[in-house]
Amino acid sequence: GLLNVANKAARTVRNAKYRITRLRFPNMPKIVSGGDSWFQHPLVIDTIDHLSKTYAIYCVAAAGDTLKNYDIDGEWLEAVENKTPRFFLISGGGNDVLGEQFRDYIKKGPHQTGLPAPSYLEPSLIQELDSLKKIYRKMFTELFAVRPDIHVLCHGYDYIIPLETTKKGWLGRYMIEKGMKNQADRKNVLTYIIDEFN
């Protein structure tokens, strides 16, 4: 609940800035952004905060949001239809795979060390990544049907270094709890997932 309130407040401020920038610079290219905390985080300076120093960006992103939710609510498409932007920025999918559900994608150990990354993962992870790919394809099909000339920039994710403790964080903790004792194996698993996602 608190995150939703914070997201709404941050979005209100950001989109007011968009309207002011459009009034001051009516010929500036319009941009719509949809996404997760990389594009809208009420507590840190995020990617769109940086870009908004130079560009007029209408934002429908929300920290903690999922790609599945974008597909369901369609708010991003409504924003594209209403604002007629030249550019659409999208960031999503990390919360669909690497949130609490991540623990379900790790096979229960104990695990031998030094195995290829997929050996530690359930097949359901690849199925989920395939599902996210289908959502992206559907979104882009809908987007180009509405705006065939739009330019799309899709944000990917960088490699994650899991914490080597069960006391904080979640990715490292979940892997340790499932019997992955070797930090190099844990890093390799996350690198593999990010490569597959991107």
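Structure report, in brief. (Residues numbered from 1 in each chain as written. Predicted model: local features only at pLDDT ≥ 70, side-chain atom pairs only at ≥ 80, totals over all residues. Heavy atoms only, no water.)

Here the focus is the packing of helix H6 (residues 123-146) against helix H8 (residues 183-197). The contact between H6 and H8 brings their axes to 10 Å, and the two run at 30°. Between H6 and H8, the angle is such that the two are roughly parallel. Seen along the crossing, H6 lies across H8 with a hand that is right-handed. In this structure, H6 contributes Leu 125, Ile 126, Leu 129, Leu 132 and Tyr 136 to the contact, and H8 contributes Tyr 192, Ile 193, Glu 196 and Phe 197. A per-class count over the contact of H6 with H8 returns eight nonpolar, no polar and one charged. (Axes fitted to C-alpha atoms, helices over the stretch in contact; angles between N-to-C directions. Helix = DSSP H or I, 4+ residues; strand = E, 2+ residues; numbered from the N terminus. Parallel < 35°, antiparallel > 145°, perpendicular 65-115°, else oblique. Left-handed = near helix turned anticlockwise from the far one by under 90°. Contact = heavy atoms within 4.5 Å. Nonpolar A, V, L, I, M, F, W, Y, C, P; charged D, E, K, R; others polar.)

What follows concerns the layout of surface pockets. Each pocket or cavity is described by its volume, and for the largest pocket that value is around 530 Å³. If you go around the largest pocket, you meet 28 residues; those closest to its centre are Trp 38, Leu 98, Ile 160, Trp 170 and Leu 171. The class makeup of the residues in the lining of the largest pocket is 15 nonpolar, nine polar and four charged. Here the second largest pocket is characterised by a volume of approximately 230 Å³. Lining of the second largest pocket is provided by Ile 126, Leu 129, Asp 130, Leu 132, Lys 133, Tyr 136, Cys 154, His 155, Gly 156, Glu 196, Phe 197 and Asn 198. Residue assignment for the lining of the second largest pocket shows that the elements contributing at least two residues are H6, strand E4 (151-155) and H8. (1 Å grid on protein atoms, 1.4 Å probe; cavity = no way out; pocket = protein on both sides within 12 Å on 5 of 7 lines; lining within 4 Å. Points joined across faces, edges and corners; volume = space filled by probe spheres on them.)

Spatially, four strands are ordered E2-E1-E3-E4 in an open sheet, and the strand pairing comes out parallel. Either end of the sheet is taken by a strand with one partner, and the two such strands are strand E2 (56-59) and E4. Put simply, the sheet's adjacent strands are angled 20° from each other on average, direction ignored. As judged from the five bridges shared by strand E3 (residues 87-91) and E4, these two strands associate in the parallel manner. From the neighbouring strand, Leu 89 faces E4, where its bridge partner is Leu 153. Across the face of the sheet, helix H1 (residues 2-24) comes into contact with strand E1 (30-35) and E2 while running at roughly 145° to E2. (Pairing = 2+ DSSP bridges.)

According to the stated counting rule, one finds four aromatic pairs in the structure shown. A centroid spacing of 5.6 Å and a plane angle of 35° characterise the contact between Tyr 136 and Phe 140, whose relative ring orientation is tilted. One end of the pair, Tyr 136, and the other, Phe 140, are both in helix H6, four residues apart, so they sit about a helical turn from each other. For Tyr 136, a relative accessible area of 11% puts it in the buried group. The class for Phe 140 is partly exposed, based on a relative accessible area of 22%. Lying over the aromatic face of Tyr 58, Lys 83 brings its terminal NZ or CZ to 4.5 Å of the ring centre. (Phe/Tyr/Trp six-rings, centres within 6.5 Å; stacked < 30°, edge-to-face > 60°. Buried < 20%, exposed > 50% of the residue type's maximum accessible area, 1.4 Å probe, protein only. Lys NZ or Arg CZ within 6 Å of the ring centre and 35° of its normal.)

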